Amino acid sequence: MKFYEIPGQTGAKETLRHHADTSHVPHALMISGPSGSGKMLLARAFAQYLHCDNPHDGEPCGVCTNCRLHADNGHPDLHYVFPWVKSRKPTRETLMELWDNLLKETPSMPEERWLQLLEAGNAQPSIYVEDADDMVQADAYPSTTSHFKITIIWLPEKMNLTCANKILKVVEEPSEGTVFIFVSNNELEVLPTIFSRVQRINVGRLTDTEISEYLTSHYHLVPDQAAQYARLCNGSLIRADELGSNTGENEEFLAMYQDVMRAAYAKKVSGLKRLSETVAAYGREKNKRFLNYMARMIRENFLYNLRMPQLNAMTSHEEQFSVRFSPFINHMNVEDFLAETTRARRDIERNANAKVVMFDYFLYVIILLHRKQK
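Our subject in this report is the structure included herewith. If you're wondering where the values come from, they're calculated on a predicted model, not measured in any experiment. (Residues numbered from 1 in each chain as written. Predicted model: local features only at pLDDT ≥ 70, side-chain atom pairs only at ≥ 80, totals over all residues. Heavy atoms only, no water.)

Observations concerning the pairing of strand β1 (residues 28-32)
Then, number 1: Counting buried residues along β1, five of its five residues qualify, which places the element largely inside the surrounding structure.
Then, number 2: Of the two faces of β1, the one lined by A28, M30 and S32 and the one lined by L29 and I31 are each fully buried.
Then, number 3: Pairing analysis gives five bridges linking β1 to strand β4 (residues 178-184), with the strands arranged parallel. Within the sheet, the bridge partner assigned to L29 lies in β4 and is I181.
Then, number 4: Taken together, the four bridges between β1 and strand β5 (residues 199-202) define a ladder with parallel strand orientation. Paired with I31 across the strands is I201, a residue of β5. (Buried < 20%, exposed > 50% of the residue type's maximum accessible area, 1.4 Å probe, protein only. Helix = DSSP H or I, 4+ residues; strand = E, 2+ residues; numbered from the N terminus. Pairing = 2+ DSSP bridges.)

Side note on a nonpolar patch on the surface
Then, number 1: A cluster of nonpolar side chains, namely L306, M308 and L311, defines an oily patch on the protein surface of about 250 Å² accessible area.
Then, number 2: Checked against the element boundaries, L306 lands in the loop between α14 (284-304) and α15 (316-325). (Patch = residues over 30% accessible without salt bridge, like charges linked within 9 Å, V, L, I, M, F, W, Y side chains within 5 Å. Areas by Shrake-Rupley, 256 points an atom, 1.4 Å probe, with all protein chains shown as cover. Salt bridge = Lys/Arg side-chain N within 4 Å of Asp/Glu carboxyl O.)

Side note on the sheet that holds strand β3 (residues 149-154)
Then, number 1: Reading across the sheet, the five strands line up as β2-β3-β4-β1-β5 and stay open at both edges, with parallel pairing between neighbours. For this open sheet the edge positions go to β2 (78-81) and β5, each flanked by a neighbour on one side alone. On average, adjacent strands in this sheet sit at an angle of 20° to one another, irrespective of strand direction. (Axes fitted to C-alpha atoms, helices over the stretch in contact; angles between N-to-C directions.)

Comments concerning the pattern of salt bridges
Then, number 1: Taken as a whole and assessed by the stated rule, the structure comprises 23 salt bridges.
Then, number 2: Salt-bridge contacts for K169 lead to E173; the nearest nitrogen and oxygen are separated by 3.5 Å.
Then, number 3: Taking relative accessible area as the criterion, K169 reaches 60% and is therefore assigned exposed.
Then, number 4: The exposed category is assigned to E173, whose relative accessible area is 55%.
Then, number 5: A salt bridge links R197 to E172, with the nearest nitrogen and oxygen atoms 3.4 Å apart. With R197 in the loop between α8 (192-195) and β5 and E172 in helix α7 (residues 161-172), this pair connects stretches of sequence that are 25 residues apart.
Then, number 6: R197 sits in the partly exposed class, given a relative accessible area of 26%.
Then, number 7: Assessed through its relative accessible area of 41%, E172 is described here as partly exposed.
Then, number 8: Overlapping salt bridges, with partners in common, bring together E340, R343, D347 and D360 in one network.

Let's talk about unusual backbone geometry
Then, number 1: The backbone phi angle of Q9 is positive, close to 55°, even though this residue is not glycine.
Then, number 2: Tracing the chain through its elements places Q9 in the segment before α1 (10-21).

So, the packing of aromatic side chains
Then, number 1: For the structure on display, the rule yields 19 aromatic pairs.
Then, number 2: Centroid distance W84 to Y128: 4.9 Å. Interplanar angle 70°. Geometry classified as edge-to-face. Of this pair, W84 sits in the loop between β2 and α4 (92-105) while Y128 is found in the loop between α5 (111-118) and α6 (129-140), placing the two residues 44 residues apart along the sequence.
Then, number 3: Look at Y128 and you get buried, because its relative accessible area is 12%.
Then, number 4: By the ring-pair criterion, three or more aromatic residues cluster together here, those being F253, Y257, Y265, Y282, F290, Y293, F321, F325 and F328. (Phe/Tyr/Trp six-rings, centres within 6.5 Å; stacked < 30°, edge-to-face > 60°.)

Some words on the nonpolar core
One recurring pattern in soluble globular proteins: nonpolar side chains tend to sit buried together.
Then, number 1: The biggest cluster of nonpolar side chains holds 56 residues, and the ones touching the most others in it are F46, W99, W114, I150, I152, W154 and I181.
Then, number 2: Among the elements that take part in this core, helix α2 (residues 39-51) stands out by supplying nine residues, more than any other.
Then, number 3: Setting aside its immediate chain neighbours within four residues, W99 contacts M40, Y80, F82, M109, W114 and W154.
Then, number 4: Counting residues in hydrophobic clusters, the runner-up holds 37 residues, among them M256, V260, M261 and A354. (Core = buried A, V, L, I, M, F, W, Y, C linked by side-chain atoms within 4.5 Å. Contact = heavy atoms within 4.5 Å.)

Some points on α2
Then, number 1: Between its first and last C-alpha, α2 extends 19 Å over 13 residues, near the 18 Å set by a 1.5 Å rise per residue.
Then, number 2: By the criterion of burial, α2 is predominantly enclosed, with 13 of the 13 residues buried. (Expected span 1.5 Å × (residues − 1).)

Points about the packing of helix α12 (residues 249-265) against helix α13 (residues 269-280)
Then, number 1: Across the interface, α12 lies against α13 with an axial gap of 10 Å and an inter-helix angle of 155°. As the angle between them shows, α12 and α13 are arranged roughly antiparallel. Here α12 runs over α13; the crossing is left-handed. Counted together, M256, D259, V260, A263 and A264 of α12 and L272, L275, T278 and V279 of α13 form the full contact between these two elements.
Then, number 2: Split into classes, the residues belonging to the contact of α12 with α13 amount to seven nonpolar, one polar and one charged. (Parallel < 35°, antiparallel > 145°, perpendicular 65-115°, else oblique. Left-handed = near helix turned anticlockwise from the far one by under 90°. Nonpolar A, V, L, I, M, F, W, Y, C, P; charged D, E, K, R; others polar.)

Re the state of the cysteines
Then, number 1: For the coordinates displayed, the defined rule picks out zero disulfides.
Then, number 2: With no disulfide of its own, C61 lies 3.5 Å from the sulfur of C52, the closest cysteine sulfur.
Then, number 3: Counting only cysteine sulfurs, C61 is the nearest neighbor of C64, a cysteine outside any disulfide, at a range of 3.6 Å. (Disulfide = S-S within 2.5 Å.)

See below:
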């Protein structure tokens, strides 16, 4: 991972480079900011930069032994700590395999994807005392191929109190060359005993321009399409990856959304049944993405009624439909619309019959669309 591959976050990159170039590397560092802001990418790039044998122009060389080990996610002096679900009783090998898949497939690190890989269900993942033992042990051993022994702790806000207490001393006074990098989605939820012992770098959401450039370079979207998609991402790389890797899906979902709303307004139950079967055939993950799209368009149509364009994030095609349709999403039904959409998504996540869930949801859309305003 190189810094130039990460969109935006210029200030954070310069700070991290300065730490490395001046040999003033904090022994405990926290990179915090909203989900999808590229924090884990920054942590990984910084770790590779510290390990690189021949860094130049503010970047790791990419060809030395250490850089090649980083490229394979197999550097012996880089350790990861992350939340997991103890009730599932996974083996260490299984957890590391799942983690490796997450890093390779979705490096923007969507927490929801990690929960899916863990098959967490309703269980809440945590960082346990066993992970503290690993951190203490990693600090005790000498480095293998470089001066720095680096541990990246993803989502330290998930760390339980026993674990935090056990690592206090090693975080405050680690052995020479040990560096802890905490990557947090919400630093306010990190235990105060940990928070007070780290040097902090805060990052914000990316700009639409940065997201647009990322979509163009990574997914080869034409500039106009990339710019339209960037407005939908709300500064999140996670959303950008979702849109970029499912090119054309936004237009497909818009067409389905229009068909559902038109059929529901006309009370065409047979038409809604056919549409529910079509959506059910998408498969569970695409079903969930479609319901997320439904929720977004319901919110956007409600906001459209306020006549404040700066609040809306829609493509031109979405806005064309919203001009006439938005009045049907109003204060009398918007909350129930979103609640029912969330319920349908939850049922899909729990492997309920998609045909039944979608048909039931679409029937409820009829009721909501025809609810009279007071």
